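A closer look at the structure
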Amino acid sequence: MKAVLCKELGPPDSLQLREIDIDPPAADEVQIRIDACGINFPDLLMIEGKYQERPPLPFIPCGEVAGTVCATGGSVSSFNIGDPVMAVTYRGGLAERINVRADSVIRRPASMPATVAAGFPGVYATSYHALKQRAALQPGETLLVLGAAGGVGLAAVQLGLGMGARVIAAVGSEDKAAALREMGVHDVINYQTADLKEQIKTLTDGRGVDVVYDPVGGDLFDTAVRCIAWNGRLLVVGFATGRIPELPVNLALLKGLAVVGVFYGRFEKEQPALAEQNMAELLQLYVDGRIAPVVHQVFPLQDYATALNALTTRKVVGKVVVETGTLDAHD
Ligand SMILES: NC(=O)c1ccc[n+]([C@@H]2O[C@H](COP(=O)([O-])OP(=O)(O)OC[C@H]3O[C@@H](n4cnc5c(N)ncnc54)[C@H](OP(=O)(O)O)[C@@H]3O)[C@@H](O)[C@H]2O)c1
């Protein structure tokens, strides 16, 4: 099969598209014919050796896949060949096929196209876990989402609104602010041109927000932590700016603030039943039309480097997806 290989750590341009063999699925695995693969920020960190997990080289990067079951291992009874599925695999996704343990494969609704499914489970599962289990977000509370047009950010905006919160979406450009307003988000702040702290003060009558969702880190974290109300929660989701910020803990004392870490991969391993329940609820929200995944652009497999580099431009609204099935047409 064709696969993109990371043979040495470096930027997306150092990856290589190659022909490789794939083993048949093990007894407890299914083999998925991948139609589409979602690109996530951690994929960039992983190929550059900056992610918490450093897989042995060579490896196939990107790990949010959607496709169809094309083979099943001997002990698998939960899936049949032809079933439409998706999975978060953390790597192995920029390829035509992948073997995945059957217990981590998710059946995708018939109404969910592969290009949508390839950008669905990672970001929605992360943001739902963050808002539901980690922040215990309540109806009527105010939620500030930083990087609100990005993958996890936009999912947090949609889920926060669905959970009955007042959502303030904060983004780094006017284009992104306009895109969010067009989606019906009422309170949007462009933190490149406006003073975030002042805007939050105005929007909340000086009270501050109950929950901050932060996938960005850096200077924005330093400002956002000063926008939190009494008894607030600060969700530490990621550091897209590249700087892991530090918190003066007197702020935690003064605000009765809880700093809450969010690590979806670990949550899924430690509490699989709860993660499964979350995913069932998310799929129902999708089927009911209460969340609407946004696909920014779909690239053919051979444009993998452009797809990965797109995340560094800060112009993406929603998800970037690579369509593996387009390879023959372009190769
Ligand atoms: N904790 C978890 O379990 C978990 C799970 C998934 C992802 N994450 C983390 O969440 C973060 C976001 O992931 P994502 O896939 O949603 O990424 P994404 O779609 O690229 O969104 C990241 C957002 O960060 C903002 N940003 C600010 N400075 C940036 C910079 N220098 N480079 C790139 N973006 C910058 C951008 O928004 P503006 O331009 O509007 O500022 C961008 O929309 C990453 O750090 C990722 O590792 C964590």
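Model, not experiment: these values are computed from the prediction. (Residues numbered from 1 in each chain as written. Predicted model: local features only at pLDDT ≥ 70, side-chain atom pairs only at ≥ 80, totals over all residues. Heavy atoms only, no water.)

Turning to the pattern of salt bridges, a few remarks are in order. All told, the structure shown has 16 salt bridges when counted by the stated rule. The partner of Lys319 in a salt bridge is Glu64, and the shortest N-O contact between them spans 3.1 Å. Placement of Lys319 in strand E15 (residues 319–323) and of Glu64 in strand E4 (residues 64–72) is noted, with a sequence separation of 255 residues between them. The network of salt bridges with shared partners includes Asp219, Asp222 and Arg243. (Salt bridge = Lys/Arg side-chain N within 4 Å of Asp/Glu carboxyl O. Helix = DSSP H or I, 4+ residues; strand = E, 2+ residues; numbered from the N terminus.)

Now for the site of the ligand. Around the ligand, the structure places 24 residues, and the nearest of them are Gly151, Gly172, Lys176, Tyr191 and Val262. Here an oxygen atom of the ligand sits 3.1 Å away from a polar atom, N or O, in the main chain of Phe41. Between the ligand and Phe239, the relevant distance is 3.2 Å, taken from an oxygen atom to a main-chain nitrogen or oxygen of the residue. Protein chains bury 88% of the 900 Å² of accessible surface belonging to the ligand in isolation. Taken together, the residues of the shell around the ligand break down into 14 nonpolar, 8 polar and 2 charged. A domain-level breakdown of the shell around the ligand finds at least three residues from each of domain 1 (2–120 + 293–330) and domain 2 (123–265). (Near = heavy atom within 4 Å. Polar contact = N/O pair within 3.5 Å; in protein donor to acceptor, adjacent residues only side chain to side chain. Areas by Shrake-Rupley, 256 points an atom, 1.4 Å probe, with all protein chains shown as cover. Nonpolar A, V, L, I, M, F, W, Y, C, P; charged D, E, K, R; others polar. Domains from an automatic or database assignment.)

Okay, the UniProt feature "domain: Enoyl reductase (ER)" (unreviewed entry) in the protein next. Mapped onto this structure's residue numbering, the UniProt feature "domain: Enoyl reductase (ER)" (unreviewed entry) falls at residues 10–322. For the annotated span residues 10–322, helix accounts for 31% and strand for 26% of the residues, and the straight-line distance between the end C-alpha atoms is 20 Å. (UniProt positions renumbered as here; feature names shortened; annotations may be inferred.)

What follows concerns the domain arrangement of the protein. Split by domain assignment, the protein resolves into domain 1 (2–120 + 293–330) and domain 2 (123–265). Relative to domain 2, the C-alpha centre of domain 1 lies at a distance of 29 Å. Listed by partner, the interface residues are 16 residues for domain 1 and 18 residues for domain 2. Together domain 1 and domain 2 conceal approximately 1,100 Å² of surface at their shared face, both sides included; 59% is due to carbon and sulfur atoms. Considering only the surface of domain 1 that becomes buried against domain 2, Phe120, Arg314 and Val317 emerge as the three largest contributors, covering 39% of it. Scanning the region where domain 1 abuts domain 2 turns up 0 salt bridges. (Contact = heavy atoms within 4.5 Å. Buried area = accessible area lost by both parts, 1.4 Å probe.)

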